[in-house]
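# Commentary on secondary and tertiary structure
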Amino acid sequence: MIKAQNIHKSFGSLEVLKGISLEVAKGEVVAIVGASGAGKTTLLQILGTLSSADCGTLEIDGTEVTSLGDKALSRFRNEHIGFVFQFHHLLPEFTALENVCIPAFIAHRDRSEVEARARELLDMMGLAERMNHKPSQLSGGEQQRVAIARALINNPSVLLADEPSGNLDTRNRDEIHRLFFDLRDKLGQTVVIVTHDEGLAAMADRKITMSDGEIL
């Protein structure tokens, strides 16, 4: 599902990624761990096409994304990559259902089809009774589950998560962790997670440890 080869990235004179190569199989949950400053988030941003590598190649679901122009890359990102961040980034003026629908509306998908799928996803997240609530009316764990549903609305090839449980209490953190594996089991979802949580990393199908811009 993901094939990255010889990924380098520098910011000024600071070399953050030093020739990273990795592959992630379809339906695999991979955790990327390492100390702060190891380059984990930079790598995730490149895998998610939010940032470009200085050199190297990146293939996602059979598409060589490093060769795409800006417009084609934006379309590919919207249709093939789902993002979950430590902070949910929900839009406060919209309901949970409306927040989930937004990426699909950007992709110009049929409204009734999108809303039906959003309801299915929110039900899967245990939020069937909360979908018409706005973010301020939801707990932190509920907000993060809405964010995960939003990331899944376009049936992405890859779900990328950056410290997805880092802002949650123990109970909500454990629920979010189990959810990623439910998505793998029920949907065959490919998931790459950057985390400092060793418990989550231990649950993953594979743990990749980074240090000083390299995979150990």
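First things first, this report covers the structure right here in the doc. From a predicted model like this one, the values you see are computed outputs, not experimental measurements.

### Overview of the pattern of salt bridges
If you walk through the whole model with that rule in mind, you get nine salt bridges. We note a salt bridge from D205 to R184, for which the minimum N-O separation is 2.6 Å. Taken together, the residues D205 in the loop between α7 (198-203) and β9 (206-211) and R184 in helix α6 (residues 170-187) connect sequence positions 21 residues apart. One connected set of salt bridges, linked through shared partners, spans R184, D185 and D205.

### What about the packing of aromatic side chains?
Under the definition given, this model contains one aromatic pair. Aromatic pair F83 and F85: ring centres 5.9 Å apart, planes at 5°, arrangement stacked. Assessed through its relative accessible area of 18%, F83 is described here as buried. Judged by its relative accessible area of 33%, F85 falls in the partly exposed class.

### Brief notes about helix α4 (residues 111-124)
Because an α-helix packs 3.6 residues into every turn, residues spaced three or four apart end up facing the same way. The end-to-end C-alpha distance of α4, which contains 14 residues, comes to 20 Å, matching closely the 20 Å that a straight helix rising 1.5 Å per residue would cover. Those residues of α4 lying buried are V114, R117, A118, L121 and L122. For α4, the arc enclosing every buried residue in end-on projection is 135°, short of the 170-degree limit, so these residues lie on one face. Contacts from the buried residues of α4 go to α3 (96-106), α5 (140-152) and α6. Directly beyond the C-terminal end of α4, a positive phi value near 80° is found at G126.

### What about the layout of surface pockets?
Space inside the largest pocket adds up to approximately 440 Å³. In terms of lining residues, the largest pocket is bounded by 20 residues, among which N78, I81, F83, P103 and R150 are the most central. Secondary structure elements with two or more residues in the lining of the largest pocket: α2 (70-80), β6 (81-84), α3 and α5. The computed volume of the second largest pocket comes to approximately 200 Å³. In this structure, the second largest pocket is lined by 14 residues; those nearest its centre are S51, S52, A53, T66 and L73. Listed by contribution, the elements that provide at least two residues to the lining of the second largest pocket are β4 (55-60) and α2. Among the residues making up the lining of the second largest pocket, the classes are represented as eight nonpolar, five polar and one charged.

### Regarding the sheet that holds β9
A sheet is described by the order of its strands in space; here six strands give the open sequence β6-β7-β8-β3-β9-β10, paired in mixed fashion. Both edges of this open sheet fall to β6 and β10 (214-215), since each of them pairs with a single strand only. As defined by bridge partners, β6 adjoins strand β7 (residues 158-162) across four bridges and the pair is classed as parallel. Looking across to β7, one finds that V84 is bridged to A161. Sitting on the sheet, α2 touches β6 and β7, and the angle it makes with β6 is about 70°. Where α5 meets the sheet, its contacts fall on β6 and β7, and the angle it forms with β6 comes to roughly 170°.

Rules of the game
- Residues numbered from 1 in each chain as written.
- Predicted model: local features only at pLDDT ≥ 70, side-chain atom pairs only at ≥ 80, totals over all residues.
- Heavy atoms only, no water.
- Salt bridge = Lys/Arg side-chain N within 4 Å of Asp/Glu carboxyl O.
- Helix = DSSP H or I, 4+ residues; strand = E, 2+ residues; numbered from the N terminus.
- Phe/Tyr/Trp six-rings, centres within 6.5 Å; stacked < 30°, edge-to-face > 60°.
- Buried < 20%, exposed > 50% of the residue type's maximum accessible area, 1.4 Å probe, protein only.
- Expected span 1.5 Å × (residues − 1).
- Arc of directions from axis to C-beta.
- Contact = heavy atoms within 4.5 Å.
- 1 Å grid on protein atoms, 1.4 Å probe; cavity = no way out; pocket = protein on both sides within 12 Å on 5 of 7 lines; lining within 4 Å.
- Points joined across faces, edges and corners; volume = space filled by probe spheres on them.
- Nonpolar A, V, L, I, M, F, W, Y, C, P; charged D, E, K, R; others polar.
- Pairing = 2+ DSSP bridges.
- Axes fitted to C-alpha atoms, helices over the stretch in contact; angles between N-to-C directions.

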